Amino acid sequence: MAFQDFDLIEERNKITRKKKVQRIVTFSVVASIAIIGIVVAVVFVNINKIDEKGDKNTSNNQHHKQSSPKKQGSQKSSKLVNSICGATDYKATCESHLQKVANSNPSAQPKDFLKSAISVISNELDKAMDEASKIKFDSPKMKAAFDVCKKVMEDAKQEIASSASSVNKVDLEKLSSKTHDLDNWLSAVMSYQQICIDSIPEGEKRTKIEKALKTSKELTSNSLALVSHLSSASQKFSFRRLLPSDNLPFWMSNEERRILKADAPKQKPNITVAKDGSGDFTKINDALAALPTGYKGRYVIYIKEGTYEEHVEVSKKMVNITMFGDGSQKTIITGNKNFVDGVPTFQTATFAAIGDGFMAQSIGFRNTAGAEKHQAVALRVQSDRSIFINCRMEAYQDTLYAQTHRQFYRGCYITGTIDFIFGDAAAIFQTCNIYVRKPSDNQKNIVTAQGRADKRETTGIVLQGCHIMAAEEFKSDQSKFRTYLGRPWKEYSRTIVMETEIDDLIDPAGWLEWQGDFALKTLYYAEFNNKGSGAETKNRVKWPGVKVINKDEANKFTVSSFLQGESWLKGEDISVPVRFSHA
């Protein structure tokens, strides 16, 4: 009897194995089809539900039974639009555009919709600027403000083009490999539009600019949502890790990483700037003007000891530029442009780093306008993947404008009064000394003012392992003024302070409102494992977004996670903590 039972079991096992093989073959065929592009129905599972409902409706409708293949394709494409746009915050704006794509291309795939969703932002920006150009900017101050607007709109259009091109070059199932770049570029596009609005003084003209940009901002937010949605779906169909096979940095060679060492670079500079005439040039701007066209690799400029009174801009075309000096108190670049004298904050910067891959080491950046001149920027950074090592940024209000993109600062000296680290970059400051200066009478000090205007932007200010303290000349008066860690410049302002020593000058409330209850429910302010007499959190403000976080949450804001910097900032010859240990 036992053997008979065994035979029956064995027979059933054979049948089971046969069915399993058939399932494997079937799955392989389906997977193969998915890889070559018909993965859409699987990626968007909710479409199936819509299809099922549609099938029931059409089963009793003879007209639908007789519809043409083209019409059927259009209907399915429309359902795909509904599914895709369901992931956005501005669904009506999303559907009104993508439905046009579906109507013109019934066989459109998710990648086609994403590319179109990004590309159309540029068209809307053109419309917005056409509207803005009808506004009369008759005073020199207003003309200068609108010039800022026009400049950042051009930057926005370039990065929209880069985003659309990147999507076009990659298959849907590999889209997750481009997510960080797309998030970075599109977050900057959002920021540029906000900069345009902010450049115009409060009033009727600003309201008109803001209204003109409403649709383009919604489209940008939607594009960020679609990148996240489609990338998450594409990860389910990735059959390998999309990492460099040699584990080299994404945008830096081993030779270039050596520049991150604590000592000055040993490599020979391409050119030398010397105030005393002992170099190739006496001015930094002359050295930049002489950059060879089409130069490949990193171009190194050594700036000898001296005070250079000039306003410098490393333009968008000047990529992979390194500047190093003889020390942040020896090699100094200084200026005094300021808001009170009629210069837009954006244009007050003594030094502007715009070209991607900019690196600076052992240089001082100053704006000497003084507290009474209000906004006066020492350093403005728009450069993606920019690095500042052992540098010094000195001013009062708005000292360091971490404007856009991915930025890394290490061992720097940063000093100021109001919002003196501000902007909408994804910026990490490691082991920096942050000195609060004495403000004007009746003013408060605020260390940070982060400007994330949309919740989907991947930006924020992170202070890790820093020291926040009073400047020497302020110590005797610090009790007369209140000092805060930050305030919300924009609605989704995000700042994280972790593993940082906070001295007693910081108010127990920790954070300051911007105006009334603006952004108090949407901001994200976090503290983790800080120390010092100003680090106590029991009396912090009770806003919903203010929190003490744990290690798991803090790990999201380390160099590895927040800047994807593990492969470009960590090497045997440097010491850059990229994440917390698991010990």
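Residues numbered from 1 in each chain as written. Predicted model: local features only at pLDDT ≥ 70, side-chain atom pairs only at ≥ 80, totals over all residues. Heavy atoms only, no water.

## Focus: the pairing of strand E25 (residues 524–528)
As a general feature of sheets, a regular strand has side chains that alternate between the two faces.
Part 1: Of all 5 residues in E25, 5 are buried; the element is thus mostly enclosed.
Part 2: Residues Tyr524, Ala526 and Phe528 point to one face of E25 and Tyr525 and Glu527 to the other, with burial holding for every one of them.
Part 3: Relative to E25, strand E23 (residues 494–498) runs parallel, the two being bridged by 5 bridges. Bridge pairing in E25 places Thr495 opposite Tyr525.
Part 4: In the sheet, E25 pairs with strand E26 (residues 546–548) via 3 bridges, with the strands oriented parallel. (Buried < 20%, exposed > 50% of the residue type's maximum accessible area, 1.4 Å probe, protein only. Helix = DSSP H or I, 4+ residues; strand = E, 2+ residues; numbered from the N terminus. Pairing = 2+ DSSP bridges.)

## What about the environment of Ala470?
Part 1: Looking at the element boundaries, Ala470 is found in strand E21 (residues 467–470).
Part 2: C-alpha separation for the pair Ala470 and Ile434, spaced 36 residues apart in sequence, amounts to 8.2 Å.
Part 3: Look past the residues within four positions of Ala470 in its chain and what remains in contact with it is Tyr435, Val436, Lys475, Gln478 and Leu505. (Contact = heavy atoms within 4.5 Å.)

## Quick notes on the nonpolar core
Part 1: Residues Met323, Phe351, Phe365, Phe388, Tyr409 and Phe429 are the most contacted members of the largest nonpolar core, which totals 66 residues.
Part 2: Residues within four places of Phe365 in sequence aside, it is in contact with Ile333, Phe351, Ala360, Ala378, Leu379, Phe388, Cys391, Arg392, Met393 and Glu394.
Part 3: One finds Phe113, Ala117, Ile135 and Ala164 within the second-largest nonpolar core, a separate group that totals 59 residues. (Core = buried A, V, L, I, M, F, W, Y, C linked by side-chain atoms within 4.5 Å.)

## Points about empty space enclosed by the protein
Empty space among the atoms becomes apparent when a probe as large as a water molecule is rolled across them.
Part 1: Under the defined criterion, the tally for this structure stands at 2 cavities of 30 Å³ or more.
Part 2: Empty space within the largest cavity amounts to approximately 60 Å³.
Part 3: Taken together, Ser191, Gln194, Ile195, Asp198, Tyr401, Gln403, Gly423, Asp424, Gly451, Trp489 and Lys490 make up the full set of residues lining the largest cavity.
Part 4: Among the elements that line the lining of the largest cavity, the one with the most residues is helix H9 (residues 179–199), at 4 residues. (1 Å grid on protein atoms, 1.4 Å probe; cavity = no way out; pocket = protein on both sides within 12 Å on 5 of 7 lines; lining within 4 Å. Points joined across faces, edges and corners; volume = space filled by probe spheres on them.)

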